[in-house]
Amino acid sequence: MSIMTDSPIRFPGLFGDWAFTASSTAFHIGGKAIYWYGILIALGVLAALAFCIKQKERYGIEEDDLMDGVLWGVPLAIVGARLYYVLFYLDRFKKEDGSFDWAESVAIWDGGLAIYGGVIAAVLVCLVLSKKRGFKLGALTDLVVMGLLIGQAIGRWGNFMNREAFGAETTLPWRMQLTTTTGALVEVHPTFLYESLWNVVGLLLIVFIVAKGRRFDGENTWFYFLWYGIGRFWIEGLRTDSLYLFNWTIGGEPIRVSQALSLVMVLVSAFMLFYNIRLHPHKPEELYVNMAAAGKAAADTKDETPAEGE
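Quick summary incoming for the structure in this document. The model shown is predicted, which means the values in this text are computed figures rather than measured ones.

Quick notes on the rules
- Residues numbered from 1 in each chain as written.
- Predicted model: local features only at pLDDT ≥ 70, side-chain atom pairs only at ≥ 80, totals over all residues.
- Heavy atoms only, no water.
- Helix = DSSP H or I, 4+ residues; strand = E, 2+ residues; numbered from the N terminus.
- Contact = heavy atoms within 4.5 Å.
- Buried < 20%, exposed > 50% of the residue type's maximum accessible area, 1.4 Å probe, protein only.
- Polar contact = N/O pair within 3.5 Å; in protein donor to acceptor, adjacent residues only side chain to side chain.
- Expected span 1.5 Å × (residues − 1).
- Phe/Tyr/Trp six-rings, centres within 6.5 Å; stacked < 30°, edge-to-face > 60°.
- Core = buried A, V, L, I, M, F, W, Y, C linked by side-chain atoms within 4.5 Å.

## Things to note about the environment of A81
Mapped onto the elements of the fold, A81 is located in helix α2 (residues 63-88). Residues A81 and A122 lie 41 residues apart in sequence; the distance between their C-alpha atoms is 9.9 Å. Apart from residues lying up to four places away in sequence, A81 is in contact with L113, A114, G117 and G118.

Encoded structure:
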């Protein structure tokens, strides 16, 4: 269904039929609309960066390495998220004559970023950076995934402002009422909210439980993929705007890309956690933060030792 992007959003079962009437456009600059969607994504990136800077010492990551990761990772993650979306919604970017609409394909301010594409791009950036700088990939990704959860939790509210990424119709008390382009009212699952809250809970679990007892580099990372995969699998099943795996079907039903990827991600993550915790446990000194600290201490001791003959 097609929704009016600036129509009121109502919650008829909450707060005495509470209505939200703000436009999806925040303001204009030189006649160009600046959307809340883009502003909220930018705020999510800044909040994620601020958090990661405060946490970096716990993972042995230098600020220069983190900043380089951000400078390369953020724009490439946005490109990856858009490419992923365009690839699986290719028909939406074709003109009437069948040619590809390049201008529309880059219009991310109108929405259309697939988080999995962004995550894939971010992991690749972390991989290249870790190889070039000589630190463990898992140490950096353990830090970055916490930032991802923050960015995702905030960024989902951009979908709310755009009146998109909602679920099927429901009668639950927290249902969200939207207006279609035909003027009809529909009451749907606020799936943007479900995912935002799921990410907040995941962040709290990592910060206060997983990270405090971290046993190997990559533990936060695999927990993130496990947690996000579980949440995304059930939330995607509620949505009406899913990306589908081309024209492939199972039992006559189209395959939702995010659900298929989430299922694979959950299984792989669960195995990796089990393997590294139960089958191949690690020693504390194998954590990169401890290795970096030991290397720094050795270098400091060497510098303090007087040369022979002094």
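## Concerning the environment of A19
As for its position among the elements, A19 is in strand β2 (residues 18-20). Taking relative accessible area as the criterion, A19 reaches 29% and is therefore assigned partly exposed. The spacing of A19 and L113 is 94 residues in sequence and 27 Å in space, taken between C-alpha atoms. Ignoring sequence-local partners within four residues, the contact set of A19 consists of I9 and R10.

## Brief notes about the side chain of Q259
Following the sequence through the fold, Q259 ends up in helix α8 (residues 257-279). Side-chain polar atoms of Q259 contact the backbone oxygen of F233, separated by 2.8 Å. With near-sequence residues (within four places) excluded, Q259 lies in contact with F233, E236 and G237.

## Looking at helix α5 (residues 137-161)
Over its 25 residues, α5 extends 36 Å from the first C-alpha to the last, a length consistent with the 36 Å expected when each residue adds 1.5 Å. Within α5, 19 of the 25 residues are buried, which leaves it mostly tucked inside the rest of the structure. Two residues or fewer after α5 comes R163, characterised by a positive phi angle close to 55°.

## Some thoughts on the packing of aromatic side chains
In this structure the tally under the stated criterion is 18 aromatic pairs. Geometrically, the ring pair formed by F11 and W18 is stacked, given 5.6 Å between the ring centres and 25° between the ring planes. Residue classification places F11 among the buried positions, given a relative accessible area of 8%. Plain terms: the ring middles of F20 and F160 are 5.0 Å apart, the flat faces sit at 50° to each other, and that makes the pair tilted. Here F160 lies in helix α5 and F20 lies in strand β2, a separation of 140 residues in the sequence. Relative accessible area serves as the criterion here: at 6%, F160 is assigned to the buried category. An aromatic cluster is built from F11, W18, F20, W157, F160 and F192, whose rings are joined through pairwise contacts.

## Here's the deal with unusual backbone geometry
Phi is positive for D17, close to 65°, though the residue is something other than glycine. By the element assignment, D17 lies in the loop between β1 (9-11) and β2. Judged by its relative accessible area of 33%, D17 falls in the partly exposed class.

## Considerations on the nonpolar core
A general trend in soluble globular proteins is that nonpolar side chains are found buried together. Judged by nonpolar contacts, the single largest core of 39 residues is most densely connected at I61, L143, M146 and Y224. For this core, the element with the most residues is α5, which contributes seven residues. In this view, L143 contacts C52, Q55, K56, Y59, I61 and L66; residues no more than four positions away in its chain are not counted. Of all hydrophobic cores here, the second largest spans 13 residues; its members include L40, F160, M161 and V188.

## Comments concerning the environment of W36
Turning to its location among the elements, W36 is positioned in helix α1 (residues 36-55). Setting aside residues no more than four positions away along its own chain, W36 makes contact with S23, S24, T25, A26 and M161.

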